[in-house]
Amino acid sequence: MDNLAVARALEDLGDLQELMGIATFKVRAFRSAARAIEGLGESVADLARDGKLEEVRGVGAGVARRIMELLETGKIAEAEELRAKLPPGILDLMNLPGIGLKTAQQVWHERGIVTIDELEAAAKAGKLRDLPRFGAKREEKLIASIDAWRKRAAAPKRRPLAEAMIAAEALCDHLRVVPGVVACEFAGSLRRRAETIGDLDVLVAAKPEDAAAIMAAFAGAPDVVEVLGHGETKTSVVLDGGMQADLRVIPPESWGAALQYFTGSKDHNVAMRTIAVKKKLKVSEYGVFDATGAKIAGEDEASVYEAIGLRWMPPELRENRGEIEAAAEDRLPRLVELEDLRGDLHMHTTETDGKSTLEQMAEAARASGRTYVAITDHSETLTFVRGMSRDRLREQKKKIRAVEESFGGKMRLFAGIEADILGDGTLDLDDHLGELEWVVGSVHTHLGMNREDMTKRVVRAIESGKIDCLGHPTGRQLGHRDPSALDIEAVLRALARTGAAIELNSSPLRLDVDEHIARMARDAGVPVVLNSDAHSVRELGFTRYGVGIARRAWLTKENVLNTKTADELQAWRAARRS
Ligand code: DGT
Ligand code: CA
Ligand code: CA
Ligand code: ZN
């Protein structure tokens, strides 16, 4: 069991206790222990083995006992007991956007409401407005948010890119070491890096006589909870968490053709086949065949494209959005790559809601090949994450200089901020931003404004000239919160006018902006900054998801600002501010 799983279990226990109305000091102990463990540099299981759990800050005897129990039995009996006592439905209610633990506890204990249906009925009947921190307006918002939740629940369940990627990589790692496996790749929408994924399409190249054993290994993979179908060349399973995955075993001589076919998209394949037909060729998942039926390509993917007169193209482009024409005319863009990213210009530290320190973030970014970062903790008005005051920012800047010094010129650290765009479009700490070296401006509150007001608000913030980059511009959270109503074209015009950049936030929950807006930004000449928005060293790796989205938007290295060197970036900033 890794640290994250332990932290989550403790967090859960805290939540359950709070829901049941158990003393808050106990609840707080579990939460702070969870945070400490999440940010720990060593394995909590190792510490437990050496009897050193209580040496971790925030872990007392009570918490240590629960951790031991968790590591030994896989669960905490007390949490299970509490869960069994909860009215069914209350956890769903708690997870509803805009509700959370406090409100769930409140409506349950004070109104006896334990399900989403009951909550909706009470809101509609105006029976919640006189609760503390409620009111008619919040009732109205609640009804709208329950409505949106129902719509999402009814839609076919697609999974966020990151979740699918992690699951697919685990499956492929499991399969690659099975005897007879020549190659293993995932295809489908995941290989194309779509922001949400319907199901996983895993392909293995192997001789037909090895297929049965490989399928059996697939069905027996650790994450598989159900086998839906077991055929000669295809096996379908359900993974822990509910995602479906198909495995197809392909003879090596058809590998390229199958990889191409099952990568799709369907529209791309249809367009491709139309071209093939004109050349009297036939493309299938087995290969490319001429009029006599002879196979002319199929072993590798490039040969399939070349056989019909096209260049090989990156999977992210394969959506029939002009890539076939571009490939035929040899004018495919050279898409930006993860290795092109020199810096990361949005991240948090333990000063606000981050889990790793300034030093840890800088070290980890350097270790992953970055040569500069901007430290952008939250600003003062975000009190619930201990947003930075002017004084704390000055202190942090000194520390940033000292840490930068310790890298001996190998790493640049910019003293930045994620300044809150307030409700009226002014910026938090407005008079202090000039002292900082990188300013991300982001909306975090009043996300439900109407389109006109929200657009005015964001445009006003951009036109202050004080922000270098607009952070997570639409505020969406995949499967959780819709994008804010916003006239994105007006926003892009304002960015172009002031020479500021737009963020492609790579946090798997956000992926904000999306591929469509990223492509609009490119067309409007607005530079895109591809950031992690990391809240821990682990999350610096989020940029791999953002790069996928950028590539789907046809972005090249030139379109992405943080592919510049630190000096070039500073020159860019100085030029736009003069
Ligand atoms: P998803 O799973 O909904 O996120 O999207 P995909 O693109 O992974 O679609 P999926 O899993 O249904 O099929 C994987 C690929 O197989 C798809 O991208 C193209 C190919 N494919 C599947 N069905 C057809 C079909 O009826 N015609 C053609 N041309 N290709 C197909
Ligand atoms: Ca799929
Ligand atoms: Ca599929
Ligand atoms: Zn933010």
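Quick note: structure is the one above.
Residues numbered from 1 in each chain as written. Chains lettered and ligands numbered in written order. Predicted model: local features only at pLDDT ≥ 70, side-chain atom pairs only at ≥ 80, totals over all residues. Heavy atoms only, no water.

So, about the sheet that holds strand S2 (residues 183-186). As a general point, the strands of a sheet are linked pairwise by backbone hydrogen bonds and lie either parallel or antiparallel. The strand order across the open sheet formed by five strands is S2-S4-S7-S6-S5, and the pairing between neighbours is mixed. At either margin of the open sheet sits one strand with a lone partner, and together these are S2 and strand S5 (224-230). Taken over all neighbouring pairs, the strand axes of this sheet differ in orientation by 20 degrees on average, direction set aside. In terms of strand pairing, strand S4 (residues 200-205) meets strand S7 (residues 244-250) through six bridges, oriented parallel. Bridge pairing links Ala 205 to Ile 250 in S7. Along the sheet, helix H13 (residues 255-263) makes contact with S2, S4 and S7, crossing S4 at roughly 175 degrees. (Pairing = 2+ DSSP bridges. Helix = DSSP H or I, 4+ residues; strand = E, 2+ residues; numbered from the N terminus. Axes fitted to C-alpha atoms, helices over the stretch in contact; angles between N-to-C directions. Contact = heavy atoms within 4.5 Å.)

Below, the discussion takes up the site of ligand 1. Around ligand 1 sit 16 residues in total, of which Arg 158, Ser 189, Gly 198, Asp 199 and Arg 273 are the nearest. Within the side chain of Asp 201, an N or O atom sits 3.1 Å from an oxygen atom of ligand 1. Between Arg 273 and ligand 1, the recorded distance is 2.5 Å, taken from a side-chain N or O atom to a nitrogen atom. Isolated, ligand 1 exposes 590 Å² of accessible area, and the fraction of that covered by the protein chains is 70%. Among the residues making up the shell around ligand 1, the classes are represented as three nonpolar, seven polar and six charged. Looking at which domains feed residues into the shell around ligand 1, each of domain 2 (159-250) and domain 3 (255-328) supplies at least three. (Near = heavy atom within 4 Å. Polar contact = N/O pair within 3.5 Å; in protein donor to acceptor, adjacent residues only side chain to side chain. Areas by Shrake-Rupley, 256 points an atom, 1.4 Å probe, with all protein chains shown as cover. Nonpolar A, V, L, I, M, F, W, Y, C, P; charged D, E, K, R; others polar. Domains from an automatic or database assignment.)

Now for H13. Burial analysis of H13 places eight of its nine residues in the buried class, which makes it a mostly covered element. Remark: Gly 264 follows H13 within two positions and exhibits a positive phi of approximately 70 degrees. (Buried < 20%, exposed > 50% of the residue type's maximum accessible area, 1.4 Å probe, protein only.)

Moving on, we get to the coordination of the calcium ion (ligand 3). In the first shell of the calcium ion (ligand 3), the protein supplies Asp 199 (OD), Asp 199 (OD) and Asp 201 (OD), at 2.2 to 2.7 Å from the metal. The metal-metal distance between the calcium ion (ligand 3) and the calcium ion (ligand 2) is 3.7 Å, with Asp 199 serving as a donor to both. (Donors = N, O, S within 2.8 Å, 3.2 Å for Na, K, Ca; no water.)

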